[in-house]
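What the coordinates show
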Amino acid sequence: MDGLRYAIALALLLVMPGVYLYWFLVHPWVHLWRRIGVRRTLVIVYTPIVLAATGFFLARKSLLAVEWGTDWRLIAAAIPFFALAAWLRRQLAGRLTFATLIGIPELDPNRRPARLLTDGIYARLRHPRYVQIVVALAGYALVANYLATYVIAGVGLIWLWLVVRIEERELRERFGAEWEAYAARVPRFLPRW
């Protein structure tokens, strides 16, 4: 079990900072990236992400030095998080293409126009994908039980709030009144029942 916990912690350490950084590099500067073009943008944006992941990999021993071992109570507590994340992922199936997940419609709206998603799970939550990520992160942090994974999950909550604010500004600009009406009736993170 220790090997699995370490693998989860290492994967989170190498992947999640890049996920966080990607959206902060793309959304605030989307007008610049649109002028530069998708391919150049992806090269520019992924370069610091790969460098950061390399740095985290090289520093993995010290970053993953604090761990509290296998705790079956925490693993049991993670199950509802994984179940909710899996349910959200299932609700998202078929709605988000890979291009959408990496922001191609934002970067190239003329060649890759996207419609505002307002049906299915999007009729209940404006940002189910981000909620799914944060919920899954909480589950993985509990299973791994490393200080670094709890920090990554905590940063995920802050990231969620900030990136959604930035993204919503871009959605408001792109979809106008349609976005305003949608945002007025559908909550960001917690559905109304």
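Residues numbered from 1 in each chain as written. Predicted model: local features only at pLDDT ≥ 70, side-chain atom pairs only at ≥ 80, totals over all residues. Heavy atoms only, no water.

Among the secondary structure elements, Gln132 is positioned in helix α8 (residues 128-144). Apart from residues lying up to four places away in sequence, Gln132 is in contact with Ala85, Leu88, Arg89 and Leu92. (Helix = DSSP H or I, 4+ residues; strand = E, 2+ residues; numbered from the N terminus. Contact = heavy atoms within 4.5 Å.)

Per the stated rule, a full pass over the model turns up nine aromatic pairs. Summarising the aromatic geometry, the rings of Tyr20 and Trp159 are spaced 5.2 Å apart at their centres and angled 40 degrees between planes, so their arrangement reads as tilted. Placement of the pair is Tyr20 in helix α1 (residues 2-26) and Trp159 in helix α9 (residues 147-175), with a sequence separation of 139 residues. One exposure class covers both Tyr20 and Trp159, and it is buried. Seen from their ring centres, Trp161 and Phe189 are 6.3 Å apart, and the 55 degrees between their planes marks the pair as tilted. Here Trp161 is found in helix α9, whereas its partner Phe189 is found in the segment after α10 (177-185), with 28 residues between them in sequence. (Phe/Tyr/Trp six-rings, centres within 6.5 Å; stacked < 30°, edge-to-face > 60°. Buried < 20%, exposed > 50% of the residue type's maximum accessible area, 1.4 Å probe, protein only.)

Further remarks concern the confidence of the model for the chain. For the chain, per-residue confidence averages 92 on the pLDDT scale, and residues scoring 70 or more make up 99% of the total. Mean pLDDT across the secondary structure elements of the chain bottoms out at helix α6 (residues 98-101), with 81, and peaks at helix α4 (residues 60-63), with 97. (pLDDT = per-residue confidence, 0-100.)

The terminal C-alpha atoms of helix α5 (residues 72-92) lie 30 Å apart, and with 21 residues this matches the ideal 30 Å at 1.5 Å per residue to within 8%. Packed against the buried residues of α5 are α8. One or two positions beyond α5, positive phi appears at Gly94, with a value near 85 degrees. (Expected span 1.5 Å × (residues − 1).)

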